[in-house]
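Architecture at a glance
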Amino acid sequence: MKHIFLFLLAIGTFNIAFAQEPKPEDTEVWEPQPQKVTPGFIYAPPSDAIVLFDGRDLSEWQKPQFKSEKGTLKEIEQDFAAMDPNFEHGSADWLVEDGSFTVVPGTGAIETKRKFGDMQLHIEWLCPQSETKTGQNYSNSGLFIMGLYELQILNNYKSKTYANGQAGAIYKQKIPLVNASRPPGEWQMYDVIFTAPRFNKDGSLDSPAYITVFHNGVLVQNHVKLDGPTAYIGKTYYFMHPQKMPIRLQDHDNPVRFRNIWVRAL
Ligand code: MG
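Here is a short report on the structure shown in this document. Because the structure is a prediction, the values reported are computed rather than measured. (Residues numbered from 1 in each chain as written. Predicted model: local features only at pLDDT ≥ 70, side-chain atom pairs only at ≥ 80, totals over all residues. Heavy atoms only, no water.)

**With respect to a nonpolar patch on the surface**
- On the surface, a nonpolar cluster with roughly 270 Å² of combined accessible area is contributed by Y162, Y232 and I233.
- Along the chain, Y232 turns up in the loop between β13 (218-225) and β14 (248-249). (Patch = residues over 30% accessible without salt bridge, like charges linked within 9 Å, V, L, I, M, F, W, Y side chains within 5 Å. Areas by Shrake-Rupley, 256 points an atom, 1.4 Å probe, with all protein chains shown as cover. Salt bridge = Lys/Arg side-chain N within 4 Å of Asp/Glu carboxyl O. Helix = DSSP H or I, 4+ residues; strand = E, 2+ residues; numbered from the N terminus.)

In structure tokens:
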């Protein structure tokens, strides 16, 4: 009897020891499986992208009501709060030709009809060559994510400007890791991963915005934490805004061109 008891005790101890031994499959996660996506060729849109410009028309774009860019963040915040919910958006009237569209200086910014928060975005742009323009006036535009956070578009291949105002910069906030610019007159690309900020019900910040940017395939912003919306003058801070907002392109009085724009909402 005693021998049987000891035998059973030994088996039990062995089983407990065996059960606690980690196995490779313990850390395998099978569900949920990531959704199957067909990748595009090079930079053509993948199958689940929302195409914002495919070379044909600006049907995904409109004139924005909110286009505040200049001045302090306080002024931008006031413009944002003063928006009219019954505003009638006109159609975007930048020039579409040869599979791209061009800023028509003086007509103002354009924005997407759709609203986006967290996203992966691809956009191609071209800064026309100039013999006379310099600094911030040399083919300036801008990609305003959520209409508030500007990824600068500018020719600074050789033309010099302030480091936090050049292509690849989050304007006046984050200097790009390198200058990956191509010469003016050549097509360039941004690939962006953006995490929108979150706000608490009382309007306070829950979590800030983060951005990763590839400029012509080169990493220039590596999961950078943003301090707030883009302000032309003075420091920035966060103010509460919706979880999804339009993407805006800047009219900075320069005929910058765009093509092949697509977004994957995350
Ligand atoms: Mg700009």
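**Overview of the coordination of the magnesium ion**
- Within the protein, N140 (OD1), S141 (O), E150 (OE), Q152 (OE1) and Q250 (OE1) serve as the donor atoms for the magnesium ion, at 2.2 to 2.3 Å.
- Counting gaps between the donor residues of the magnesium ion yields the pattern N-S-x8-E-x1-Q-x97-Q.
- Take S141: its relative accessible area is 0%, and that puts it in the buried class.
- In this structure E150 comes out as buried when scored by relative accessible area, which is 3%. (Donors = N, O, S within 2.8 Å, 3.2 Å for Na, K, Ca; no water. Buried < 20%, exposed > 50% of the residue type's maximum accessible area, 1.4 Å probe, protein only.)

**Examining the side chain of S159**
- Along the polypeptide, S159 turns up in the loop between β8 (149-153) and β9 (187-195).
- Here the side chain of S159 touches G135 through a polar contact of 3.4 Å, landing on its backbone nitrogen.
- Discounting residues that sit within four places of it in the chain, S159 has contacts with T134, G135 and Y138. (Polar contact = N/O pair within 3.5 Å; in protein donor to acceptor, adjacent residues only side chain to side chain. Contact = heavy atoms within 4.5 Å.)

**Examining the pairing of β13**
- As paired elements, strand β12 (residues 210-215) and β13 share five bridges and run antiparallel to each other. Each residue of the ladder has a partner; that of F214, found in β13, is L219. (Pairing = 2+ DSSP bridges.)

**What about the layout of surface pockets?**
- For the largest pocket, the calculated volume is near 330 Å³.
- Surrounding the largest pocket, 19 residues form its lining, F66, M83, E111, K115 and P246 being those nearest its centre.
- In the lining of the largest pocket, the residues fall into eight nonpolar, five polar and six charged. (1 Å grid on protein atoms, 1.4 Å probe; cavity = no way out; pocket = protein on both sides within 12 Å on 5 of 7 lines; lining within 4 Å. Points joined across faces, edges and corners; volume = space filled by probe spheres on them. Nonpolar A, V, L, I, M, F, W, Y, C, P; charged D, E, K, R; others polar.)

**Some words on helix α2 (residues 73-81)**
- Of all the positions in α2, only L73, I76 and F80 are classed as buried. Taken end-on, α2 shows its buried residues confined to a sector of 55°, consistent with a single buried face. (Arc of directions from axis to C-beta.)

**Brief notes about the pattern of salt bridges**
- Taken as a whole and assessed by the stated rule, the structure comprises 10 salt bridges.
- In this structure, the salt-bridge partner of K63 is D93, at a minimum N-O distance of 2.9 Å. Highlighted residues: K63 in the loop between β2 (61-62) and α2 and D93 in the loop between α2 and β3 (95-97), separated in sequence by 30 residues.
- Classification of K63 by relative accessible area gives partly exposed; the value is 27%.

**Quick notes on the packing of aromatic side chains**
- In total, this model carries 11 aromatic pairs according to the counting rule given.
- Their ring planes at 45° and their centres at 5.8 Å tell us that Y149 and F194 sit as a pair that is tilted. Pair noted here: Y149 is in strand β8 and F194 is in strand β9, with a separation of 45 residues, a long-range link. Of the two residues, Y149 and F194, neither departs from the other in class, the shared state being buried.
- Seen from their ring centres, F199 and Y238 are 6.3 Å apart, and the 65° between their planes marks the pair as edge-to-face. With F199 in strand β10 (residues 198-199) and Y238 in the loop between β13 and β14, this residue pair connects regions lying 39 residues apart in the sequence.
- Look at Y238 and you get buried, because its relative accessible area is 16%.
- One aromatic cluster is present, built from ring pairs that chain together F53, W61, W94, F101 and F258.
- Between R248 and the ring centre of F144, over which it is positioned, the NZ or CZ distance is 4.5 Å. (Phe/Tyr/Trp six-rings, centres within 6.5 Å; stacked < 30°, edge-to-face > 60°. Lys NZ or Arg CZ within 6 Å of the ring centre and 35° of its normal.)

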